[in-house]
Structure formats: C-alpha cells, structure tokens
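Fold and contact review
What follows is the residue order along each chain.
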Amino acid sequence: MIQVVNVTLQFGGRVLFKDVNLKFSKGNCYGIIGANGAGKSTFLKILTGEIEPNKGEVLIDPSERMSVLEQNQNKYDDKTVLETVLLGHRRLMEVQRLKDELYAKPDFNEEDGMKAAELETEFAELGGWEAESEAKTLLSGIGISEDLFDVLMKEIDPKQKVKVLLAQSLFLNPDILILDEPTNNLDFKTTRWLENYLLNFENIVIIVSHNRHFLNKVCTHTCDVDFGEINMYLGNYDFWYETSQLMARQAKEQNKKAEQRAKELKEFIARFAANASKSKQATSRKKELEKLTIDDFKPSSRKYPYINFEYTQEIGKEILNVKNLTKKGMFNNLSFTLGRDDKVAILCSNGLAVTTLFNILMGIEQPDSGSVTWGKTIKPTYLPQDNRSFFEGCKLSLVDWLRQFSKDQTETYIRSWLGRMLFSGEEALKEANVLSGGEKVRCMMAKMMLEGGNVLLLDEPTNHLDLESITSLNKGMINFKGVMIFASHDQEIVETVANRIIDIVDENTIIDKKCTFEEYVEN
C-alpha cells in the first residue's frame, strides 16, 4: 500500500497540489489524469522519492519493492538487453554481485562462508534462480527476438529500447509499478500485450498516459489533478469523463430535484457498467460502482475545445483515385480509390512513409511514379504532422494568423473560431511563433474547420494534445459526414472512427480491407 499524507508541493508562488491525501491499494490500477502542466509526472516523482514535497509525506512499506519505467532511453547503453532487464530488480543484482565477490576471494574463510550462505538464502527468496529465465520469457512476450538478448542496448533500434525498458519495469512482479506514458512509441500489438499483462497484474499500478483506450482498459480508479487538488474516483477514464460531464450538466439545472439528479446518475452507472464489460474496472468493480452516490463526484473545471468539421461543397461520385503510386523505400505500386462513406486509417510502422504519402496526395511532394487524381467536387483539407512552416518566424497575433485563411475578415468572426479552440480574450492576441505544440495543433484545427473541406487528411492529429483536446477531436472525427483518411497512434480514435484499413506492411505489401480496426486485428 502507498499512503499520501497531507502532501503539498509548490514552486515559487505556484502551488501544484495542496494537502493531498490518497491511498493506493493492492489489486488496483490508478490512472493519473489532468491538463498539460497540471503536475501529473511531478506527482509520480513525489511517489518515487525523486522530488521531496514542501509538506507532508509518502508512506510505503519498506518490504515492498517499487519499480519505475525508466524515461532515459540511453541509460543502459553499455549493458546488454538481458542485463538491462535483470537490473529491474536492483537488490537481486546486488546480492548476485556480493556473492560473486565472496566466491572470488583467494582467502575465503569460515566467516565468508556464513555470509555466502545468508546471501544464497536471500538470492533464492528473491527468485534469483529463475530470474534469467523470467527475463527471457518477458522479452519474448514483449516482442524482442532471442538474437538481441546479448546485444548492447546502444546497438538496438530506439523502438526496441522502449520495449526492453518496459520489460525491465515489469521484471519479477514488483509490489508497486509506476508507469509514465508507457505506450509512447509502442505499436498496437505491444500495447495490447501490455494491456493484457496489467489486467492480470495483482499488485499496485499507477499510470500517467494520454492513451484513453489504454486507460479505459486497465484502470480501476482515476486520480484527477485539477486546480491544486488530486481527487480519486472509482472507474476508468471514460467513466470519469462521462460522469464529470453529467455533473456539469446537472450544475446548470439547479431546479432539478436532488432525487431526479441521483436517479439520472444511477441510470448512467448501470448503462456504463453493462457496456464496459471488457474493462478491468467494470468486471471487478460492478458492485462498487452501483453503490456510488451523487456526493462521490465533483463537476470538473476542465475545459474542452469544440471541434466540429463541416463542409460547404457537396461530394460528387469521384473522390480520389490513387494508381500505382511508388516512392522508393516506402511503398511500391500503391493503388486505392476512396468511396463516399470512407473513413480510412493508414497503418504503417514507418511514420515517414505515411507523411510522404499524405504530402504526395496534397501535391507537396512528387512520387517516383504513379498518379493521384482528385474528383472535381473535392476540397481536401490537410493537418500535417509537421506544422512548423505555419508558425516559425510568424509574429502575427492569433487573430491575424487565422484571418489569413478566412473569407470573413471581421475580428468578431475570427475570435469566435479561436474561442472554440480555447483562445479567448488576451490569449487570442498571442504571437503565433510563441505557441506550445498543443496550441499550434488547436490553431491548425481552427484553420481546418474554417476551410470547410469535404475530405480531411490528418497525419497524427493527437500529437502534443492533452486528453481534453483528444477527446473533443475524437468526437469531431466521428461526427464528420465527409470522407476522411488519417494516421494515428491513438487506438481509441482508430477503433471508433475508421471503417476501412490500409496497412502498409512493408514497401511491397499493402493490405486494404473494408472493416473496423478491431475486426482487422482479430482476423
């Protein structure tokens, strides 16, 4: 168990959290959520002891082992893959080292023999004799081939490094597992493997992640970091989100009787528990969910952008015809035609190949061979992954920046679009070149909505966005009535939006199926 007692942390005059009291118990998985900059990762550092709070304490049983996902990918460059995983249990490796030193002594005596016997006992209790076999099983499960086990970390691909460090954190079943953005740079297959692993994990897991599908699948509880407080709620991210939206709606309906509001909540919980049968929190916490009352929730102060794509030009029969498109080293003879109801997810392990494909479709790059033909009624609008050319060196205010893409030039009109993206008042007068990554993407979304394209092309649209913006974007993509082609590492978006999959497996292998992502993975 971890107990957080009256923890307060502030930097200068800024209070991140004040008087936080929480208890993390065995058998539960806790998702830490909050707006960008709210202090989610900082809170994890307090739990791990990396940062000392100004006030309060974190109580952990000294006999419990904590494991933390290493964020520095180059930390173990001088170790082999297998050694890196074994270092996930530091005490075990320390005991191994002490044993080796004793046995190597030329003057090994009776006292050394007694010490060695004690170390051998501890080594066995810690699982030392099975450790190497366990590490190899874990590496194989996570998708690291056996021929890499004895290779130095500095010599393997960065995507493989991420998997090895993840295996290190999971090694020999820690009592407390701390994971900060564990699905970053993981492919869908490995993410699914991790979900299944955590569903069967019986100790404490505490996670920070922007991956809603992952949080929904594994979390039993949600900890919301909001305005200096951290409140813990039963249920996964979707349950927290839908409940907080319900609370916000009810806060506006003060004339509704308390009994009516309580009944509304009860009906929502029953529906949610029935629909979320695949999630850990629904299967193991249904009875607890049913006991919740209206007093167990607070309306969230979180703000969500309003993303709603509408098009002005009706779509004709001819949309897009791609024929024998080739770009050396990326794809060879790629051909497809877009239909009127298509929402296509592009899958590819090579992100550069996807970006190149989108740039060719938009006429920004040229293919080596092949053709791209857009229908006469089609007005495509594009969200590139790299948006630097729109902002670098641009000293325009956001109002003037967005005005470049609008027929209606009035300030009130432009501000209404910026307001949808949470830029109101003085925020709308910021210079375009000082924006954060997430703010730039929100500006690009406002530009896309203004352009009113009937075909959307989106290259990794969730990059740099917080959970609130990702949730709003997901809704906007689902509700869009036009045609869409997109690439995203956000599994929830791919699962809920795509009705067709184009998988660029390698340069010469392309699979095109009219199905959902879940159907594609299953088949």
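Report on the accompanying structure. Along each chain, residue indices are assigned from 1 in the same order as the chain's sequence is written. Confidence filtering applies because this is a predicted model: local features only for residues at pLDDT of at least 70, side-chain atom pairs given and counted only at 80 or more, and all residues used for totals across whole chains, interfaces and linings. No hydrogens and no water enter the side-chain calculation; it runs on all heavy atoms of the structure.

Strands are runs of DSSP state E lasting at least two residues, helices are runs of H or I lasting at least four, and both sets are numbered from the N terminus onward. Structurally, Thr-183 is set in the loop between β6 (176-180) and α7 (188-199). Its relative accessible area of 10% is what places Thr-183 among the buried residues. One polar contact links Thr-183 to Asn-211, side chain to side chain, over a distance of 3.4 Å. The contacts of Thr-183, once residues within four sequence positions are left out, are Thr-191, Ser-209, Asn-211 and Phe-214. Whether a residue is buried, partly exposed or exposed follows from its accessible area with a 1.4 Å probe, protein chains only, as a fraction of its type maximum: under 20%, in between, or over 50%, in that order. In protein, a polar contact means a hydrogen-donor-capable atom and an acceptor-capable atom, both N or O and within 3.5 Å, with residues adjacent in sequence counting only if both atoms are side-chain atoms; elsewhere, any N or O pair within 3.5 Å suffices. Note on contacts: a residue pair qualifies if any of its non-hydrogen atoms lie within 4.5 Å across the two residues.

Within this scheme a cavity is a closed region of a 1 Å grid, computed over the protein atoms alone, that accommodates a 1.4 Å probe without allowing it to escape, whereas a pocket is open but has protein on both sides within 12 Å along at least five of seven lines; lining residues each have an atom within 4 Å of a point. Grid points are joined across faces, edges and corners, and a volume is the space filled by probe spheres set on the points. According to the stated counting rule, one finds one cavity of 30 Å³ or more in the structure shown. Roughly 60 Å³ of internal volume is contained in the largest cavity. In this structure, the largest cavity is lined by Leu-383, Pro-384, Gln-385, Asn-387, Val-441, Asp-459, Glu-460, Pro-461 and Asn-463. Amino acid classes used here: Ala, Val, Leu, Ile, Met, Phe, Trp, Tyr, Cys and Pro are nonpolar; Asp, Glu, Lys and Arg are charged; the rest, including Gly, are polar. In terms of residue class, the lining of the largest cavity is made up of four nonpolar, three polar and two charged.

Bringing helix α4 (residues 110-125) into the picture now. Compared with the 22 Å implied by 1.5 Å per residue over 16 residues, the 23 Å span of α4 between its first and last C-alpha is a close match. Among the residues of α4, those classed as buried are Asp-112, Ala-116, Leu-119 and Phe-123. Relative to the axis of α4, the buried residues are bounded by an arc of 65° and lie together on one face. Pointing more than 90 degrees away from the buried face of α4 are the exposed residues Glu-110, Glu-111, Met-114, Glu-118 and Glu-125. A helix is expected to span 1.5 Å for every residue after the first. Arc, as used here, means the arc of the directions from the helix axis to the C-beta atoms.

Let us look at the packing of helix α3 (residues 90-103) against α4. Running from N to C, α3 and α4 point in directions that differ by 150°, and their axes come no closer than 10 Å. With respect to α4, the element α3 is oriented roughly antiparallel. Considering the relative orientation of α3 and α4, their crossing is left-handed. Judged by residue contacts, Arg-91, Leu-92, Val-95, Gln-96, Leu-98, Lys-99, Leu-102 and Tyr-103 of α3 engage Asp-112, Lys-115, Ala-116, Leu-119, Glu-120, Glu-122 and Phe-123 from α4. Residue composition of the contact of α3 with α4, grouped by class: eight nonpolar, one polar and six charged. Angles run from 0 to 180 degrees between N-to-C directions of axes, and those axes are lines fitted to C-alpha atoms, restricted for helices to the stretch in contact. Working rule for angles: under 35 degrees goes down as roughly parallel, over 145 as roughly antiparallel, 65 to 115 as roughly perpendicular, anything else as oblique. By convention, the crossing between two helices is left-handed when the near helix turns anticlockwise from the far helix through less than a right angle, and right-handed when the turn is clockwise.

The next thing to look at is the sheet that holds strand β17 (residues 500-506). When DSSP locates at least two bridges between a pair of strands, those strands are taken to pair. Taken together, six strands build an open sheet; the order of strands is β14-β15-β16-β12-β17-β18 and the sheet is mixed. A strand with exactly one partner marks an edge of an open sheet, and here the two such strands are β14 (380-383) and β18 (509-513). When the angles between neighbouring strand axes are averaged without regard to direction, this sheet yields 15°. For strand β12 (residues 343-348) and strand β16 (residues 483-487), the ladder comprises three bridges, and the chain directions are parallel. Counterpart to Lys-343 in the pairing with β16 is Met-484. Packed on one face of the sheet, helix α17 (residues 467-479) meets β12, β15 (455-459) and β16 and runs near 125° to β12.

It is worth spelling out the sheet that holds strand β11 (residues 331-338) at this point. Strand order in the open sheet formed by three strands is β11-β10-β13, with antiparallel pairing between adjacent strands. Bordering the open sheet on either side are β11 and β13 (369-374), each of which pairs with just one other strand. In this sheet, neighbouring strand axes are inclined to one another by 15° on average, regardless of whether the strands run parallel or antiparallel. In the sheet, strand β10 (residues 320-327) pairs with β13 via five bridges, with the strands oriented antiparallel. Bridging across to β13, Asn-321 finds its partner in Thr-373. Its contacts with the sheet put helix α12 (residues 351-361) on β10, β11 and β13, and the angle it makes with β10 is roughly 130°.

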